[in-house]
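Analysis of the macromolecular model
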Amino acid sequence: MVALCHDWSLVGPAIEAVAEARRRGAFDEREWRASEARIERALRLAERSRGTGSLKIIGCAKHRALVANLRAECSV
């Protein structure tokens, strides 16, 4: 969800689309739970490392390439 876009006006609709798909049962429950666990681990790691990194890396060429790949995979 973090890498969705640089336009905050698109984030809400994207979250709602995921929530609606979840309500319809479009996700495998085991995969959903595994994703939740990964997100929780990432949040704990981010909390522990708050303030220790540089934000200058955000938007670098590698990040833009990663986002482009994620968009391509998700649009299938």
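Up top is the structure.
Structural notes, computed from the coordinates.

So, how was this worked out
Numbers given to residues run from 1 along each chain, matching the order in which its sequence is written. Reporting of local features is limited, given that this is a predicted model, to residues whose pLDDT is at least 70; pairs of side-chain atoms are given and counted only at 80 or more, and all residues count toward the totals for whole chains, interfaces and linings. Side-chain metrics rest on all non-hydrogen atoms present in the structure, leaving aside hydrogens and water. Stacked, tilted and edge-to-face are the three classes assigned to paired rings of Phe, Tyr and Trp, where Trp is represented by its six-membered ring and a pair needs centres within 6.5 Å; plane angles under 30 degrees give stacked, over 60 edge-to-face, the rest tilted. Only runs of H or I of at least four residues qualify as helices and only runs of E of at least two qualify as strands under DSSP, and these elements are numbered from the N terminus. Think of it in three bands: residues with accessible area under 20% of the maximum for their type are buried, residues over 50% are exposed, and the middle band is partly exposed, with areas taken using a 1.4 Å probe on protein chains only. Two residues qualify as a contact provided that any one of their heavy atoms is within 4.5 Å of a heavy atom in the partner residue. For patch building, the residue pool is restricted to those with more than 30% relative accessible area and no salt bridge; the joining distance is 9 Å between like charges and 5 Å between nonpolar side chains (Val, Leu, Ile, Met, Phe, Trp, Tyr). Note on areas: Shrake-Rupley, 1.4 Å probe, and residue coverage restricted to the protein chains presented here. When a carboxyl oxygen of Asp or Glu is within 4 Å of a side-chain nitrogen of Lys or Arg, the pair counts as a salt bridge. Charge assignment in this entry is limited to Lys and Arg as positive and Asp and Glu as negative, and neither His nor the chain termini are counted. For this purpose, a charge sits on NZ of Lys, CZ of Arg, CG of Asp or CD of Glu. By this rule, a helix spans an expected 1.5 Å times one less than how many residues it contains.

A full pass over the atoms with the stated rule returns 1 aromatic pair. Ring centres of F27 and W32 lie 5.0 Å apart, and the angle between their planes is 45 degrees; on these two criteria the pair is classed as tilted.

Here V18 shows up in helix α1 (residues 8-23). Judged by relative accessible area, which is 30%, V18 ranks as partly exposed. Residue contacts for V18: discarding those within four places in its chain leaves F27 and W32.

A cluster of basic residues, R38, R41, R44 and R48, forms a positive patch at the surface. Secondary-structure assignment places R38 in helix α2 (residues 29-48). Classification of R38 as partly exposed rests on a relative accessible area of 46%.

A separate point is α1. Compared with the 22 Å implied by 1.5 Å per residue over 16 residues, the 23 Å span of α1 between its first and last C-alpha is a close match. A positive phi of about 80 degrees marks G25, the residue just after α1.

Right, let's get into the pattern of salt bridges. Under the definition given, this model contains 5 salt bridges. The closest approach of N and O atoms between R33 and E29, which form a salt bridge, is 2.9 Å. Taken together, the residues R33 and E29, both in helix α2 and 4 residues apart, mark about one turn of the helix. According to the relative accessible area criterion, R33 is partly exposed, its value standing at 44%.

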